[in-house]
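Here is how the chains run, residue by residue.
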Amino acid sequence: MRSPRVVAITGGSAGIGKALALRCARGGDAVAICGRRTDKLAETMREVESAGGSGLAATADVTDSRAMLDFVEQTERRFGRLDAIVCNAGFGIYGAIDAIEPVQMRRLIDVNYMGTYHAIHAALPLFRRQGHGHVVVIASIVGRRGIPFMGAYAATKFAQVGLAESLRAELRGTGIQVTIVYPISTSTEFFGVMARESGFATRANGPRQPPEVVADAIARALDRPVPEIYPYRPSKMLAVLAAAAPGFSDWLVKRWGREPLPAGTQAH
């Protein structure tokens, strides 16, 4: 029987972050979550406690480096240590590159990439003092192979992957683990947010998974660290094809990529 962990999750009030918080709580772990929506954080924390876990909820924006330092410090003060930081906060925008405004691109970078950087930057000194820790970066399969009209989002996911891969090599042999997660389309509020940010809805033609599947895969990696996770295992072939047959993978993602929907249609 393993000892309970202390797991901090950014973007922990919904989607994959919430599913992971509940999964960890059911396993007896202490969970710290942060996000911008205080009401959603409180709701998730009630569910965490009902599932048998102890928790901490902090209203914080991942784009604020001081807020991430405070989040890590609050977690350490409350629980005495931090075993894992899960960099989950993020959002997407759909559109051709010349249709994405610079202000939209900057916001994607600030949340998806800089938010990941700020969380890691805040947790690493504590991990080094402890001599152990686990960085988990929730990227996306589009961080391995870009798809049409998701180039701005994919760019931030490729940036996350580059950061995490470099960090994993730097930390080899230190007792600090780094895991990158590559979900496919996941049934969360992500698509509603993307429709609002983009100004129109889209439909994915490929497979989809529930957030609980991703959470279960991450929980297994927290038990037994691995460098990479593909929660939908066949998606790993897309990464292989991107390297081995880029032209064919262009055709494939064009066929199975997202397409715009008529006005008034719900995103999914």
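Residues numbered from 1 in each chain as written. Predicted model: local features only at pLDDT ≥ 70, side-chain atom pairs only at ≥ 80, totals over all residues. Heavy atoms only, no water.

S.K.: How would you sum up the overall build of the protein? Please name residues and give values.
M.R.: Counting its secondary structure elements, the protein contains nine helices and nine strands. Each of the 268 residues in the protein was classed as buried or not, and the buried ones make up 50%. Contacts in the protein between residues at least 24 apart in sequence constitute 71% of all its contacts with a sequence separation of at least 6. A total accessible area of about 12300 Å² is found for the protein, and carbon and sulfur atoms account for 54% of it. (Helix = DSSP H or I, 4+ residues; strand = E, 2+ residues; numbered from the N terminus. Buried < 20%, exposed > 50% of the residue type's maximum accessible area, 1.4 Å probe, protein only. Contact = heavy atoms within 4.5 Å. Areas by Shrake-Rupley, 256 points an atom, 1.4 Å probe, with all protein chains shown as cover.)

S.K.: Give me the nonpolar core: which residues, what numbers.
M.R.: Judged by nonpolar contacts, the single largest core of 54 residues is most densely connected at Phe-71, Leu-82, Ile-85, Phe-127 and Val-135. The element contributing the most residues to this core is helix α4 (residues 102–130), with nine residues. What Ile-85 contacts, discounting residues up to four positions off in sequence, is Ala-8, Phe-71, Ala-119, Ala-123, Phe-127, His-134, Val-135 and Val-136. Among the nonpolar cores identified, the runner-up in size contains 26 residues, and Ala-25, Ile-138, Ala-215 and Leu-222 belong to it. (Core = buried A, V, L, I, M, F, W, Y, C linked by side-chain atoms within 4.5 Å.)

S.K.: Could you give an account of the packing of helix α1 (residues 15–26) against helix α2 (residues 38–50), naming the residues involved and the relevant values?
M.R.: Close contact between α1 and α2 brings their axes to 9 Å; oriented N to C, the two are set at 25°. Classified by the angle their axes make, α1 and α2 are roughly parallel. Crossing hand, α1 versus α2: right-handed. From α1, Lys-18, Ala-21, Leu-22 and Ala-25 reach across to α2, where they touch Glu-43, Thr-44, Glu-47 and Val-48. A breakdown of the residues in the contact of α1 with α2 according to their chemical character gives four nonpolar, one polar and three charged. (Axes fitted to C-alpha atoms, helices over the stretch in contact; angles between N-to-C directions. Parallel < 35°, antiparallel > 145°, perpendicular 65-115°, else oblique. Left-handed = near helix turned anticlockwise from the far one by under 90°. Nonpolar A, V, L, I, M, F, W, Y, C, P; charged D, E, K, R; others polar.)

S.K.: Which residues make up unusual backbone geometry, and what values go with them?
M.R.: Where the residue is not glycine, phi is negative for most of them; where a peptide bond is considered, it is trans in most cases. Within the chain, Phe-149 stands out as a residue other than glycine whose phi angle is a positive 65°. Secondary-structure assignment places Phe-149 in the loop between β5 (133–138) and α5 (151–170). Using a relative accessible area of 35% as the deciding quantity, one classes Phe-149 as partly exposed.

S.K.: Describe the packing of aromatic side chains, with residues and values.
M.R.: Within the structure shown, the criterion is met by three aromatic pairs. With a centroid separation of 5.8 Å and an interplanar angle of 35°, the aromatic rings of Tyr-94 and Phe-149 are classed as tilted. Of this pair, Tyr-94 sits in the loop between β4 (84–87) and α4 while Phe-149 sits in the loop between β5 and α5, and the two are 55 residues apart along the sequence. Taking NZ or CZ as reference, Arg-107 lies 4.6 Å from the ring centre of Phe-91, over its face. (Phe/Tyr/Trp six-rings, centres within 6.5 Å; stacked < 30°, edge-to-face > 60°. Lys NZ or Arg CZ within 6 Å of the ring centre and 35° of its normal.)

S.K.: Talk me through the side chain of Thr-75; I want residue IDs and the actual numbers.
M.R.: Tracing the chain through its elements places Thr-75 in helix α3 (residues 65–79). With residues up to four places along the chain from it excluded, the contact list for Thr-75 reads Val-6, Ala-32, Leu-56, Gly-80, Arg-81 and Leu-82.

S.K.: An account of the packing of α4 against α5 is needed here, citing residue identities and associated values.
M.R.: Between α4 and α5, the shortest axis-to-axis distance is 8 Å and the interhelical angle comes to 20°. Considered as vectors, α4 and α5 are oriented roughly parallel to each other. Our pair here, α4 against α5, has a crossing hand that is right-handed. Along its contact with α4, which presents Met-105, Leu-108, Ile-109, Asn-112, Tyr-113, Thr-116, Tyr-117, Ile-120 and Leu-124, the element α5 presents Ala-152, Tyr-153, Thr-156, Lys-157, Ala-159, Gln-160, Leu-163 and Leu-167. Across the contact of α4 with α5, the residue classes break down as twelve nonpolar, four polar and one charged.

S.K.: Summarise α2; cite the residues concerned and give the values.
M.R.: Taking 1.5 Å per residue as the helical rise, α2 with its 13 residues ought to reach 18 Å, and the 18 Å between its terminal C-alpha atoms agrees with that figure. Listing the buried residues of α2 in full gives Leu-41, Thr-44, Met-45 and Val-48. The buried side chains of α2 occupy one side of the element, clustering within an arc of 105° when seen end-on. Opposite the packed face of α2, turned more than 90 degrees from it, sit the exposed residues Asp-39, Arg-46 and Ser-50. Looking at the buried positions of α2, the neighbouring elements they touch are α1, β2 (30–35) and β3 (54–59). Positive backbone phi, at 100°, marks Gly-52, one or two positions downstream of α2. (Expected span 1.5 Å × (residues − 1). Arc of directions from axis to C-beta.)

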